[in-house]
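Below, each chain spelled out in residue letters.
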There are 2 protein chains.
Amino acid sequence: MSKQPVQLVGGADLEDCRVPLVAEPLTADQAERLAPSFKALGDPVRLRLLSLIASHAGGETCVCDLTEAFDLTAPTISHHLKVLKEIGLVTAERRGTWVYYRAEQPALDLLSTVLSVPQGVNA
Amino acid sequence: MSKQPVQLVGGADLEDCRVPLVAEPLTADQAERLAPSFKALGDPVRLRLLSLIASHAGGETCVCDLTEAFDLTAPTISHHLKVLKEIGLVTAERRGTWVYYRAEQPALDLLSTVLSVPQGVNA
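Residues numbered from 1 in each chain as written. Chains lettered and ligands numbered in written order. Predicted model: local features only at pLDDT ≥ 70, side-chain atom pairs only at ≥ 80, totals over all residues. Heavy atoms only, no water.

**Describing the relation of the copies chain B and chain A**
For these two chains of identical sequence, chain B goes onto chain A by a turn of 180° and a shift of 0.0 Å along the axis, with RMSD 0.0 Å. With respect to symmetry, the two chain copies, as superposed, fit the operation of a two-fold axis. Closest approach to the rotation axis among the C-alpha atoms of chain B is made by B:Ser112, whose C-alpha sits 2.2 Å away. Mapped onto chain A, 100% of the interface residues of chain B are again interface residues, and the two copies thus contact each other with one and the same surface. (Least-squares fit on C-alpha atoms with pLDDT ≥ 70 in both. Contact = heavy atoms within 4.5 Å.)

**Examining the interface of chain B and chain A**
If you look at the interface, chain B gives 42 residues, while chain A gives 42 residues. With both chains or domains summed, chain B and chain A bury close to 3,300 Å², and 66% of this area falls on carbon and sulfur atoms. Our count for the chain B to chain A interface comes out at five residue pairs in polar contact (both at pLDDT 80 or more). Mapped onto the side of chain B that touches chain A, the elements with two or more residues apiece are α1 (28-41), α2 (44-55) and α5 (105-115) of chain B. Along the lines of polarity and charge, the residues of the side of chain B that touches chain A split into 24 nonpolar, 12 polar and six charged. (Buried area = accessible area lost by both parts, 1.4 Å probe. Polar contact = N/O pair within 3.5 Å; in protein donor to acceptor, adjacent residues only side chain to side chain. Helix = DSSP H or I, 4+ residues; strand = E, 2+ residues; numbered from the N terminus. Nonpolar A, V, L, I, M, F, W, Y, C, P; charged D, E, K, R; others polar.)

**Some details on the side chain of A:Ser116**
Assignment of secondary structure puts A:Ser116 in the segment after α5 (105-115). Setting aside its immediate chain neighbours within four residues, A:Ser116 contacts A:Pro20, A:Val22 and B:Ser112.

**Observations concerning the pairing of strand β4 (residues 90-95) of chain B**
The pairing of β4(B) with strand β5 (residues 98-103) of chain B spans six bridges and is classified as antiparallel. Following the sheet pairing, B:Thr91 is matched in β5(B) by B:Arg102. (Pairing = 2+ DSSP bridges.)

**A word on the confidence of the model for chain A**
Residue and element names in this part refer to chain A. Counting all residues, the mean pLDDT for chain A is 90, and 89% of those residues have values of 70 or more. Element-level pLDDT for chain A is lowest in strand β1 (residues 7-8), with a mean of 54, against a maximum mean of 97 in helix α2 (residues 44-55). Per the prediction output, this complex has pTM 0.90; the corresponding ipTM is 0.90. (pLDDT = per-residue confidence, 0-100.)

**Examining α2(B)**
Residue and element names in this part refer to chain B. With 12 residues, α2 extends 16 Å from end C-alpha to end C-alpha; this agrees with the ideal 16 Å at 1.5 Å per step. Burial of α2 is extensive: 11 of the 12 residues sit out of reach of the surface. Within the sequence span of α2, burial applies to Val45, Arg46, Leu47, Arg48, Leu49, Leu50, Ser51, Leu52, Ile53, Ala54 and Ser55. At the N-terminal boundary of α2, the capping side chain belongs to aspartate 43, with an oxygen 2.9 Å from the backbone nitrogen of valine 45. (Expected span 1.5 Å × (residues − 1). Buried < 20%, exposed > 50% of the residue type's maximum accessible area, 1.4 Å probe, protein only.)

Shown next, in the form of structure tokens:
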């Protein structure tokens, strides 16, 4: 996958955070910029929404398919999608009647790298 | 690193969640069990504490070294360490005067896997 720069948290560039925390401690500033992304994932509905979007064939999902999967009102789903979008974990595009969501794979990959445990590091 | 079973969130076994969410959507139950771990990481102080513990030589850190790194009171640091411990991201061991913290690498690895983007999946 591409390693294009990731823009998260209202445009804060997190590229300098793409290091396993097992390998190098985060600075206070890096932790401040990274934490909101994990907080966004810290809700079961958002986590499941993101997984539904990210795993959908073609990497894109119509909002109409997302609302069907939950026993929640459309405004509640919309709120959670907005949080994911604002933090940069998904992008949205309106085409005709519906909005289509796509997972931001570089953002996911960055957060995965932060939590990764490279073999032999502090084992 | 070892792939021993991970016990997180008060003993909830998350081994069945060790799948990239890009590859397979989470069930509602899996999302409920995973979200609290990401929520625990969604705080800058906890994220930095975890990185200081995890990256410390030998993978272990004395609480005395952690309190020095922050401009926060000892009870505040203790509260955040307790959250990380209860969710299973660190373990603690008292030896003499001090408590020593160690990062739970299998737990980190599991969360990293959930967010990982295997090459070619929904690219």
